[in-house]
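# Chain and residue survey
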Amino acid sequence: MSILVKKTKRIKYRGSSYIGNQQQSRDYRVNILFGVFIIAALLIAARLVKLQIADHDYYTAIASGQHEIFKQLYPERGTVYVVDKAGSLLNTEDEYYPIAMNKKMNLLYTVPTEIEDPEAVIEVLKEVFQLQTREDLNIEPDWAIEDPELEEKLNEDEETLNKWKMQITKENDPYEPLKHYVSDKEMDMIDGYGLDGLYSVKEITRYYPESSTGSQMIGFVGKHQESTILKGSYGLEGCYDKILAGEAGFLRSETDVRGRLIASASRDFREAEDGNDLYLTVDKTIQYYVCNELRKGVEQYGASNGSVIIMEPQTGRILAMCNYPEFDPNKYNEVEDIGVFNNEILMDSYESGSVFKPFTLAIAIDSGEVDPFTGYNDTGEVTISRHTIRNSDLKAHGWQTMTQVLEKSLNTGTVFAAQQVGLERFRKYINDFGFGSITDIDMCIEAAGNISALNDSNPIYLATASFGQGITTTPLQLARGYSAIANEGKLIKPYIVEKIVSKNGELIQQTEPQVVSQVISPQTAKLVSSMLVSVVKNGHATGAQVDGYLVAGKTGTAQVPDLERGGYTSDTIHTFGGFAPFNEPKFVAI
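Residues numbered from 1 in each chain as written. Predicted model: local features only at pLDDT ≥ 70, side-chain atom pairs only at ≥ 80, totals over all residues. Heavy atoms only, no water.

### Looking at the state of the cysteines
For the record, the criterion: When two cysteine sulfur atoms lie within 2.5 Å, the pair is treated as a disulfide. Think of it this way: any DSSP run of H or I at least four residues long counts as a helix, any run of E at least two long counts as a strand, and we number them from the N terminus. The classification of residues rests on relative accessible area computed with a 1.4 Å probe and restricted to protein chains. Under 20% of the type maximum is buried, over 50% is exposed, and intermediate values are partly exposed.
Enumeration according to the criterion identifies two disulfides in this entry. Sulfur-sulfur distance for the disulfide between Cys 239 and Cys 444 comes to 2.2 Å. In this structure, the disulfide formed by Cys 239 and Cys 444 twists by about 70 degrees around the S-S bond and is classed as right-handed. Pair noted here: Cys 239 is in helix 8 (residues 235–239) and Cys 444 is in the loop between helix 15 (423–432) and helix 16 (459–465), with a separation of 205 residues, a long-range link. The class of Cys 239 is partly exposed, set by a relative accessible area of 23%. The partner cysteine of Cys 291 in its disulfide is Cys 322, sulfur to sulfur 1.7 Å. Disulfide Cys 291-Cys 322: the torsion about the S-S bond is -65 degrees, which places it as left-handed. In this pair, Cys 291 is assigned in helix 10 (residues 284–301) and Cys 322 in strand 11 (residues 318–324), connecting sequence segments 31 residues apart. We note that Cys 291, like Cys 322, is buried.

Have a look at this one:
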């Protein structure tokens, strides 16, 4: 007989230690779980803060759609204004007129998948944009076209139409841009046909209301290397491009292989900063008048080109600046010779001729060597270093005063005056007048001129420089030099940008007149001014007289150097420099 016995293990309890340990284990697990919930909550809160505050602009831009993103990422270019005195006659403050501004136009695009009748679309585009083909004119493909302009236009039109045909017939293509800068009128015509698949969005282009007036001063704006950003070139548009253009924003995030945003990846959004506005010293009325007169003058006399600059002598403010030939900044891409973009007022260094003589007389008078009544015997010519210098009229005038030297523009007289001064003092004064160095006007690309001939001790170079040959100047340097004579001997720094203002009206920069130096004494300046008044009344510049006013001025005719064979060509450059009224000059003109 066997007996089955079930053994049980007895546990000996020692008070309540087991129960206590079990309770502690449960509390520990609860604490861990609670801590996990707290950490998770904090992470969620941090994420919400990042989404709603730190990344708010980013997600707002994403949610706003493509058009709004474009507005937020691409800045609006600043406007360029000139003073409109005529528009502010009844106001105490100046009014301003835009000469470079933004204009809303249209980008025409197609959704090829919606195009039902491609041929109908092409016919509409042909009619709206006035495009033609050889077939339209019944011209066989192998026929020669005698009119080169017609042939060029037909080639361009056919190329455009072929490109459009390819674009509107692309399969599974949701978007194809057809034409930039379409006018509202043209879009209305297209919309009037009610064709599916043709759409437009607004886009910004640069517009110049004054067309070609002052074009070299303004410059132009165009697309840069297929970029959406407008970029300025030449003139003020090029010089102040960064200030006018503003700063583009950006929208950046990481995506997966399918182009979807990665939620956990970093991202950045910065809204664009619009460009600042330029307010110029240029007067709209004066600018229009002098540019128009320059245009007529160049055409009337058959000149190859011409320039005019008007400057306020006491401040250095540029009131007008024109060159001819000119170009239309709205159609800058139609220019055949890109040399027309250059501003010759700043860049053209030339031998100015007799218009330089007032500086020689000012130097001689200020040095105490002569006065307006000092005389010399004019024999009609003078020989220096085996070179003979003659008067332009090839005549001997006998006893002449320094005032008569300017009135009759006698080369021998300025040679006489310069010899009394001597090379060293003459060169110092020429430097002090600013010749041979840039004026540092607030525009880009300025020539310094060349007075290096005065570094040569050969007396012939002092002699020729005395009447403006052998050394070169720019029209702007001449304007500043005449301003010093008109402004009691004070040399002023010229400027054209009055102020720079942000889009929200904040003043970024204000230009103040700046005196560079006292070149000649006020007494010398007044004496030379009086001599120049006499030139206009009795000399070669009588055409500059204005009834009721005393005008000071001097003409100059300079030969053009032959850079290939040496010496001079038969071409001449004619210049006038002067100011008015004599007692209180309001402007200097070159």
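After presenting the structure, the write-up continues.
### Examining the packing of helix 12 (residues 357–366) against helix 14 (residues 411–421)
We count it as follows: Orientation is described by lines fitted to C-alpha atoms, with helices fitted over the stretch in contact, and by angles between N-to-C directions that extend from 0 to 180 degrees. Throughout, a crossing is termed right-handed when the near helix is turned clockwise from the far one, and left-handed when it is turned anticlockwise from it by less than a right angle. Residue contacts are defined here by distance: any two heavy atoms, one from each residue, within 4.5 Å place the two residues in contact. The classification used treats Ala, Val, Leu, Ile, Met, Phe, Trp, Tyr, Cys and Pro as nonpolar, Asp, Glu, Lys and Arg as charged, and all other residues, Gly among them, as polar.
Axis separation between helix 12 and helix 14 bottoms out at 9 Å; the angle between their running directions is 35 degrees. Between helix 12 and helix 14 the crossing geometry is left-handed. On helix 14, the residues touching Lys 357, Thr 360, Leu 361, Ile 363 and Ala 364 of helix 12 are Asn 411, Thr 414, Ala 417, Ala 418 and Val 421. Looking at the contact of helix 12 with helix 14 residue by residue, the class counts come to six nonpolar, three polar and one charged.

### What to know about helix 10
Convention followed: A helix is expected to reach a length of 1.5 Å times the quantity of its residues less one. Think of the arc as the fan of directions from the helix axis to the C-beta atoms.
Relative to the 26 Å expected for 18 residues at 1.5 Å per residue, helix 10 spans 26 Å between its end C-alpha atoms, a close match to the ideal helical length. Looking at helix 10, one finds that the buried residues are Gln 287, Val 290, Cys 291, Leu 294, Arg 295 and Val 298. What you see down the axis of helix 10 is that its buried residues fit within an arc of 140 degrees, all on one side. Across from the buried face of helix 10, at angles greater than 90 degrees, the exposed residues are Tyr 288, Tyr 289, Glu 299, Gln 300 and Tyr 301.

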